[in-house]
Amino acid sequence: NKTLMFAFLNIDRKSAMEWYKQILVLGLPEPRELKINPKNTVGTVLSLNGHRKYYCIFHAKHPEAVFGHPRSSISGDFMGFSDNESDSTSDVEDGDKKKDSIASDKPLLNYYSKVLFEEQLLEGLNNWLDRLFEGTTIRYHINYWPDWPGK
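Small disclaimer: the values here were computed from a predicted structure and weren't measured.

## Description of the overall build of the protein chain
When helices and strands are counted, the protein chain shows four helices and five strands. Along the protein chain, helices and strands appear, N-terminal first, in the series α-β-β-β-β-α-α-α-β. Across the protein chain, contacts joining residues at least 24 apart in sequence account for 67% of those joining residues at least 6 apart. Carbon and sulfur atoms form 53% of the exposed surface of the protein chain, whose accessible area is close to 10700 Å².

## Concerning the environment of Ala60
Its location among the elements puts Ala60 in the loop between strand S3 (54-58) and strand S4 (81-82). Separated by 63 residues in the primary sequence, Ala60 and Glu123 place their C-alpha atoms 6.7 Å from one another.

## Points about the confidence of the model for the protein chain
In the predicted model, the protein chain carries a mean pLDDT of 75, and the fraction of residues at 70 or more is 65%. The model gives residues 68-75 a pLDDT under 50, and that stretch makes eleven contacts with residues more than four places away or in other chains.

## Digging into the pairing of strand S2 (residues 45-49)
Alignment of S2 against S3, held across five bridges, turns out to be antiparallel. What sits directly across from Leu48, in S3, is Tyr55. Hairpin connection of S2 to S3: four residues between the antiparallel strands, including Lys53 at a positive phi of 55°.

## Thoughts on unusual backbone geometry
Here the phi dihedral of Lys53 falls at roughly 55°; this positive angle occurs in a residue that is not glycine. With respect to the helices, strands and loops of the structure, Lys53 is situated in the loop between S2 and S3. Look at Lys53 and you get partly exposed, because its relative accessible area is 34%.

## As for a nonpolar patch on the surface
Side chains of Leu4, Phe6, Leu129 and Phe133 sit close together on the surface and give an oily, nonpolar patch of about 440 Å² of accessible area. Tracing the chain through its elements places Phe6 in the segment before helix H1 (14-27).

## Concerning the nonpolar core
In terms of nonpolar packing, the biggest core is built from 14 residues, with Tyr20, Leu24, Ile36 and Tyr55 touching the most fellow members. Secondary-structure elements contributing two or more residues to this core are H1 and S3. Among the elements that take part in this core, H1 stands out by supplying five residues, more than any other. The contact partners of Tyr55, leaving out residues within four places of it in the chain, are Ile23, Leu24, Gly27, Leu46, Ser47, Leu48, Ile138, Arg139, Tyr140, Ile142 and Trp145. Residues Tyr54, Leu125, Trp128 and Leu132 belong to the second largest nonpolar core, which totals six residues.

Conventions adopted
- Residues numbered from 1 in each chain as written.
- Predicted model: local features only at pLDDT ≥ 70, side-chain atom pairs only at ≥ 80, totals over all residues.
- Heavy atoms only, no water.
- Helix = DSSP H or I, 4+ residues; strand = E, 2+ residues; numbered from the N terminus.
- Contact = heavy atoms within 4.5 Å.
- Areas by Shrake-Rupley, 256 points an atom, 1.4 Å probe, with all protein chains shown as cover.
- pLDDT = per-residue confidence, 0-100.
- Pairing = 2+ DSSP bridges.
- Buried < 20%, exposed > 50% of the residue type's maximum accessible area, 1.4 Å probe, protein only.
- Patch = residues over 30% accessible without salt bridge, like charges linked within 9 Å, V, L, I, M, F, W, Y side chains within 5 Å.
- Salt bridge = Lys/Arg side-chain N within 4 Å of Asp/Glu carboxyl O.
- Core = buried A, V, L, I, M, F, W, Y, C linked by side-chain atoms within 4.5 Å.

As structure tokens, then:
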């Protein structure tokens, strides 16, 4: 007997972003400082198993979308965060890349293949949900559930 509860998280709130970062850091093999662009979290689905202390994650750029992708190569860069110190913008925000693409004789198709459009955010969610209920999605085990910041 499976019981589901649905909720949403407003990442624009500082406390929600802090909690989200804590969850992701706890699931990484090696903890590190994360810089998350809230615009890149749109369409992200977290499935939390509170009793067994693990979560599964769906995002259109998650490596699990490529079936059979080994967990060992998951770095977290798919979520729009990295550990470099430079102020990076998303592909959509970087308008000069389009000019560079044209100047270097690269087709625009290659330029736009890295951009994720809004209508593509939930592509593959139905397959991920099927795998979730089968128990074949990647599980990110954590030692504890972090408290809500400011509580």
